[in-house]
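Below, each chain spelled out in residue letters.
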Amino acid sequence: MAHLIRSKFQNKLSDAATSVSNKSTAKVSGMMARMGFQAATDEEGLGFAACDDLDYDHRQGLQMDIMKSDEMGGGDTGEGSGEGGMGGGEDGMAAGDSHYQRDGTGPPLSASKASGLGEEEKSPKITAWEAGWNVTNAIQGMFVLGLPYAILHGGYLGLFLIIFAAVVCCYTGKILIACLYEEDEDGQLVRVRDSYVDIANACCQPRFPSLGGHIVNVAQIIELVMTCILYVVVSGNLMYNSFPTLPVSQKSWAIMATAALLPCAFLKNLKSVSKFSLLCTIAHFVINILVIAYCLSRARDWAWDKVKFYIDVKKFPISIGIIVFSYTSQIFLPSLEGNMVKPSEFHCMMNWTHIAACVLKGLFALLAYLTWADATKEVITDNLPSTIRAVVNLFLVAKALLSYPLPFFAAVEVLEKSFFCERERTWFPDCYGGDGRLKAWGLTLRCSLVVFTLLMAVYVPHFALLMGLTGSLTGAGLCFLLPSLFHLKLLWRKLLWHHVFFDVAIFVIGGICAISGFIHSMEGLVEAYKYGIED
């Protein structure tokens, strides 16, 4: 009898301990799941393994079916697509394999994507040279005109930062693309994300699945709008300094430039603008060559003694922002890499484009500063003689006005997708009607954006300070902080110790430069506005 009572008591204790253990395990698993980690028990592990085996067998069988259909003349897609879409379903399953989840409930391929697979495959791809040309256009644009001003306040350290920024931006561009890929069950890299926003959202899951995308979108909008403002500012500045005898102020020239930009509000695509991009870039290189040629003609008067290691502590952080902003290209790198014929050549393309940019920027900035020394102005073409200045500045104004639609259209697209898209359940209705025409509030949005860039250019006509502010605020975030942070978050288990060191160092240095540059740029703008300082 005592033995029976003891046995029942032990069984109850065992059951209670098991129950407590299961509850605690469930709580821990729930906590880990909410934190974004997988916490699988042995039974779940066996189930996952079984699912992997079944999925592998299924996909092998699916691949055999596809091969058999190809051998039997199944390449005629006209018949297959017309019979209930069965062939499209198999293609959809194969194409959606990169989104496969271990529980076998991966997201199905949407109808729009399934119908667009053929179009995506037929869409023209770009070579590594063409991709490099696009990157070069982004990092060799008009904003190199402010680099000699950075040497003025930084000396040799400014030259070092031009080289350092090129190395860091090249590295962060590569790790940003690495965040687009994950390994499948066979150890092969698969592209599971398409954009900067997708990477940001993946880092904030599962608690805040859309927070990262909102942060990146805000940073993109700020940088794109500030780029538009800088184009208006530099247009007014160049025209004012080209014709100083005319009774027209810089603000008036900015207003006239904006009046020429109002048709941008009616843009639906960039086909009409993109044809001028090559001519604008060629013209810009010609202008750079003219400036360098003039500097070389005055080589006997170069002020080597003015280039020192001494830095202006108050204004040098602004120079950091200027240098960083001149290298920003991370926004469009994911889409650029996704459209390359050979994505494996992306790293090589990034290397030679940034090496070329580093050499050309360093040479341009150094020669210009040696020529004019302490008289170096925020826009270096203002230092040219009046006979050459007018011609060069007119070409630069034309390039600025033709470059304005590109960031403007990109900013409008981000705003419309974030706030004016009914399919995405945004705050406001769609900007386009059923016939594809722009509605009244859509046109109002675009016109308001053009007017906003004008007002900013009129009331804050300081090219270098605005450039430094933008580079410190969004340039450092998109080029330094976010790529290194995302790389650590998504690929932590696969990183070597030196990769972790580089990422942490870039994040810390980028954060310090961003904060100091933002503070000093704001102080400079407040001082310029308070005392009425002109460029």
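Residue numbering note: each chain is counted from 1, following its sequence as written. Only residues with pLDDT of 70 or above have their local features reported here, since the model is predicted, and side-chain atom pairs are shown and tallied only from 80 upward, although totals for entire chains, interfaces and linings are computed over all residues. Hydrogens and waters are ignored; side-chain quantities use all the structure's heavy atoms.

- Looking at an unreviewed UniProt entry, one finds the chain named Vesicular inhibitory amino acid transporter, with Salvelinus namaycush as its source organism.
- Quoted verbatim from the Sequence similarities (unreviewed entry) field of the UniProt record, the comment on the chain reads "Belongs to the amino acid/polyamine transporter 2 family." UniProt positions are given in the numbering used here, feature names are shortened, and annotations may be inferred rather than shown by experiment.

## Brief notes about the overall build of the chain
Phase 1 of the analysis: Numbering goes from the N terminus for both helices and strands, where a helix is a DSSP run of H or I of at least four residues and a strand is a run of E of at least two. Summing up its helical and strand segments, the chain has 22 helices and two strands in all.
Phase 2 of the analysis: Here's how the labels work: a residue is buried when its accessible area is under 20% of the maximum for its type, exposed when over 50%, partly exposed in between, all with a 1.4 Å probe on protein chains only. Across the 535 residues in the chain, those meeting the buried criterion constitute 41%.
Phase 3 of the analysis: Across the chain, the fraction of contacts at a sequence separation of at least 24, relative to all contacts at a separation of at least 6, is 77%.
Phase 4 of the analysis: Accessible area for the chain stands at about 29200 Å²; split by element, carbon and sulfur atoms hold 65% of it. Here, residues are in contact when the closest pair of their heavy atoms is within 4.5 Å. Areas reported here follow the Shrake-Rupley algorithm with a probe of radius 1.4 Å; residue values treat only the protein chains shown as occluding.

## A look at a nonpolar patch on the surface
Phase 1 of the analysis: In this scheme, patches are assembled from residues that exceed 30% relative accessible area and form no salt bridge. Like charges are connected within 9 Å, while nonpolar side chains (Val, Leu, Ile, Met, Phe, Trp, Tyr) are connected within 5 Å. We define a salt bridge as a side-chain nitrogen of Lys or Arg found within 4 Å of a carboxyl oxygen belonging to Asp or Glu. On the surface, a nonpolar cluster with roughly 570 Å² of combined accessible area is contributed by Val218, Ile222, Leu473, Ile515, Phe518, Ile519 and Met522.
Phase 2 of the analysis: Those elements that provide at least two residues to the nonpolar patch are helix 11 (211-242) and helix 22 (497-531).
Phase 3 of the analysis: The element best represented in the nonpolar patch is helix 22, accounting for four residues.
Phase 4 of the analysis: With respect to the secondary-structure elements, isoleucine 519 resides in helix 22.
Phase 5 of the analysis: Overall, the relative accessible area of 40% leaves isoleucine 519 in the partly exposed class.

## Description of unusual backbone geometry
Phase 1 of the analysis: Unlike most non-glycine residues, alanine 373 shows phi in positive territory, near 50°.
Phase 2 of the analysis: The topology assignment puts alanine 373 in the loop between helix 17 (346-372) and helix 18 (386-403).
Phase 3 of the analysis: Judged by relative accessible area, alanine 373 falls into the buried class, the value being 10%.

## Here's the deal with helix 18
Phase 1 of the analysis: Across its 18 residues, helix 18 extends 25 Å between first and last C-alpha, which sits within 8% of the 26 Å expected from 1.5 Å per residue.
Phase 2 of the analysis: Buried within helix 18 are the following residues: Arg389, Ala390, Val392, Asn393, Leu396, Val397, Lys399, Ala400 and Ser403. Expected helix span is given by 1.5 Å per residue-to-residue step, counting one fewer step than there are residues.

## Focus: the pattern of salt bridges
When charged atoms on two side chains of opposite charge get close, those side chains can pair.
Phase 1 of the analysis: Tallying each qualifying case throughout the model produces four salt bridges.
Phase 2 of the analysis: Of the charged contacts in the structure, one is a salt bridge between glutamate 182 and arginine 193, with a shortest N-O distance of 2.4 Å. Of this pair, glutamate 182 sits in strand 1 (residues 181-183) while arginine 193 sits in the loop between strand 2 (189-191) and helix 10 (196-204), and the two are 11 residues apart along the sequence.
Phase 3 of the analysis: Its relative accessible area of 37% is what places glutamate 182 among the partly exposed residues.
Phase 4 of the analysis: Note that aspartate 374 is salt-bridged to lysine 306, the shortest N-O span being 3.4 Å. Of this pair, aspartate 374 sits in the loop between helix 17 and helix 18 while lysine 306 sits in the loop between helix 14 (277-297) and helix 15 (316-325), and the two are 68 residues apart along the sequence.
Phase 5 of the analysis: The structure contains a network of salt bridges with shared partners spanning Arg191, Asp194 and Glu337.

## So, the packing of aromatic side chains
Phase 1 of the analysis: Any two rings among Phe, Tyr and Trp, with Trp reduced to its six-membered ring, count as a pair given centres within 6.5 Å; such a pair is stacked if its planes are under 30 degrees apart, edge-to-face if over 60, and tilted if neither. Within this structure, the stated rule accounts for nine aromatic pairs.
Phase 2 of the analysis: For the ring pair tyrosine 294 and tryptophan 372, a centre distance of 5.9 Å and an interplane angle of 15° mean the geometry is stacked. In this pair, tyrosine 294 is assigned in helix 14 and tryptophan 372 in helix 17, connecting sequence segments 78 residues apart. Of the two residues, tyrosine 294 and tryptophan 372, both sit in the buried class.
Phase 3 of the analysis: Consider the rings of tryptophan 302 and tryptophan 304, whose centres lie 6.3 Å apart with planes at 70°: the pair is edge-to-face.
Phase 4 of the analysis: Looking at tryptophan 302, the relative accessible area reads 18%, which means it is buried.
Phase 5 of the analysis: Residue classification places tryptophan 304 among the partly exposed positions, given a relative accessible area of 47%.
Phase 6 of the analysis: Put simply, the rings of Tyr171, Phe501 and Phe502 pair up and form one aromatic cluster.

## What about the side chain of asparagine 393?
Phase 1 of the analysis: Among the secondary structure elements, asparagine 393 is positioned in helix 18.
Phase 2 of the analysis: For asparagine 393, a relative accessible area of 0% translates into the label buried.
Phase 3 of the analysis: Once you skip the residues sitting within four places of it in the chain, asparagine 393 turns out to touch Leu238, Ser242, Thr381 and Asp382.

## Some remarks on the confidence of the model for the chain
Phase 1 of the analysis: Per residue, pLDDT captures the predictor's confidence, and it can take any value from 0 to 100. On average, the chain scores 75 in pLDDT, and the residues at 70 or more come to 71%.
Phase 2 of the analysis: Across the chain, helix 9 (residues 156-178) holds the top mean pLDDT of 93, while helix 4 (residues 86-95) sits lowest at 38.
Phase 3 of the analysis: Counting interchain partners and residues more than four positions distant, the pLDDT-below-50 stretch residues 31-121 has 46 contacts.

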